[in-house]
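Here is what each chain is made of, one letter per residue.
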Amino acid sequence: MKFDFLSESDQAYFIHKASTLVEALPYIREHSGDTIVIKYGGHAMGDKKLSESFSRDIGLLKEVGVSPIIIHGGGPQIGERLKSKNISTQFVEGLRVTDKETIKVVEEVLSKDINSEIVESISASGGKAIGVSGNDNLVTATKLNVEIKDSDSNIEKIVDIGFVGQPKKLNKDMLTSFIKNGQIPVISPLGKDENNFTYNINADTVAGFIAGELQASKLLLLTDVPGILDKDEKLISSITLEEAKNIANKEYISGGMKPKINTCIDAMKKGVKKSTILDGRIPHSVILELFTEHGIGTQITSN
Ligand SMILES: Nc1ncnc2c1ncn2[C@@H]1O[C@H](COP(=O)(O)OP(=O)(O)OP(=O)(O)O)[C@@H](O)[C@H]1O
Ligand SMILES: [Mg+2]
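Per-chain numbering applies: the sequence of each chain, read as written, is numbered from 1 onward. For this description, chains carry letters from A and ligands carry numbers from 1, given in the order in which they are written. In keeping with the model being predicted, local features are shown solely for residues with a pLDDT of at least 70 and side-chain atom pairs are shown and tallied solely at 80 or more, while totals for entire chains, interfaces and linings include all residues. Working from all heavy atoms in the structure, the side-chain values ignore hydrogens and water.

### Concerning helix 2 (residues 48-63)
Then comes step 1: By definition, any uninterrupted DSSP run of H or I lasting at least four residues is a helix, any uninterrupted run of E lasting at least two residues is a strand, and each is numbered from the N terminus. The length a helix should cover is 1.5 Å for every residue beyond the first. Between its first and last C-alpha atoms helix 2 spans 23 Å; for 16 residues at 1.5 Å apiece the expected length is 22 Å, and the two agree.
Then comes step 2: Only heavy atoms enter the contact rule, under which two residues are in contact if any of them lie within 4.5 Å. Packing partners of the buried residues in helix 2 comprise strand 1 (35-40), strand 2 (67-72), helix 4 (100-124), strand 8 (184-188), strand 11 (218-223) and helix 9 (285-291).
Then comes step 3: Gly65 occupies a position one or two residues after helix 2 and carries a positive phi of about 90°.

Here's what the structure looks like:
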């Protein structure tokens, strides 16, 4: 038999590979025809090898009949660029305070540098990716006013964080026509208001908004932690929508995790069936989540 020339451990390795493919089949059938919105985090995309494996995973999804839509972040890359230009930056509730000078840098880093890198990487692995700046006729935004509670007086006040927006309207036709053409949209998290001002929008929020508007089957938020960690820093592997609402305002949910949980909640209220917050630092995290028995990260289910 051909297999005889392999050592026992090599045989075991290939048998395991074959069984992995067989295990994936029911999941491939389950997801075929689905639209899946994937937020690719600024932290998760720092490593070249990881970004190549991410691109191959996206190409594979398309091959098995899934329509992936990618929204990318860029927090660390924007931070670095601002630093190199000596522009100081501040965060309120996990959101970057964005003045006139900052929004220019944000737009340049997101829509020019990062967006084209991802498009090129997916194209290099055979996927037909198309780059879209969110503010280029795709997402209509309005200015976001953040409410924060003063810890001493407990009084809520509204804080102006500049050109930070929230999505209001989506040009669905644009996205559905890309999907019909077999293209993979790669979207930068920006929006434009009616007066033509560009706004920086948290990428998780854009991903959740698009997932909700398109009634996507699934929302995947890739990040740089294993998922939602509880107060003892243990991974919460699965919670219901109701449980997610209950923990959203707990003290141990802070910084960038806040918009993530809230965005999952909002998307699921609009009909998205499942959301997962998962570790984008794990190679093939998307494939592990969608096509294996156990999945990874924190799954938020509708009941
Ligand atoms: N309870 C929690 N569980 C897990 N992470 C948490 C929690 N509370 C706060 N965090 C923070 O949230 C961070 C993830 O959000 P962050 O906005 O930094 O990354 P990202 O969204 O993946 O990237 P980007 O914003 O650049 O797109 C984690 O690195 C962690 O520090
Ligand atoms: Mg973030």
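What follows continues from the structure just given.
### A few points about the site of ligand 1
Then comes step 1: Around ligand 1, a shell composed of 22 residues is seen, among which Thr223, Asp224, Leu229, Tyr252 and Lys260 lie nearest.
Then comes step 2: Pairs of N or O atoms within 3.5 Å make up the polar contacts considered here, provided that, within protein, one atom can donate a hydrogen while the other can accept it, and that residues adjacent in sequence are counted only when both atoms are side-chain atoms. In the model, an oxygen atom of ligand 1 is placed 2.7 Å from a nitrogen or oxygen of the Thr223 side chain.
Then comes step 3: Contact distances for ligand 1 include 3.1 Å between a nitrogen atom and a backbone N or O atom of Ser254.
Then comes step 4: Computed by Shrake-Rupley with a 1.4 Å probe, the accessible areas treat only the displayed protein chains as cover when residues are assessed. In isolation ligand 1 exposes 640 Å². Once the protein is present, 80% of that is buried.
Then comes step 5: Judged by its atoms lying within 2 Å of the grid points, ligand 1 is housed in the second largest pocket.
Then comes step 6: Mapped by element, the contributors of at least two residues to the shell around ligand 1 are helix 3 (75-84), strand 11 and helix 8 (257-269).
Then comes step 7: Of the residues contributing to the shell around ligand 1, the split by class is eight nonpolar, ten polar and four charged. Proximity criterion: a residue is near a molecule or strand once any of its heavy atoms comes within 4 Å of it. The definitions used throughout rest on a 1 Å grid laid over the protein atoms alone, on which a cavity is an enclosed set of points accommodating a 1.4 Å probe that cannot get out and a pocket is an open set flanked by protein within 12 Å on both sides along at least five of seven lines; lining residues are those having an atom within 4 Å of a point. Cavities and pockets are treated as containing a molecule whenever more than half of the molecule's atoms lie within 2 Å of their grid points. In this classification, the charged set is Asp, Glu, Lys and Arg, the nonpolar set is Ala, Val, Leu, Ile, Met, Phe, Trp, Tyr, Cys and Pro, and all remaining amino acids, among them Gly, are polar.

### A word on unusual backbone geometry
Then comes step 1: Despite not being glycine, Asn196 has its phi angle at roughly 70°, a positive value.
Then comes step 2: The topology assignment puts Asn196 in the loop between strand 9 (190-192) and strand 10 (198-200).
Then comes step 3: Positive phi values are uncommon outside glycine, yet Gln215 reaches one of about 50°.
Then comes step 4: Relative to the helices and strands, Gln215 is located in the loop between helix 6 (203-213) and strand 11.

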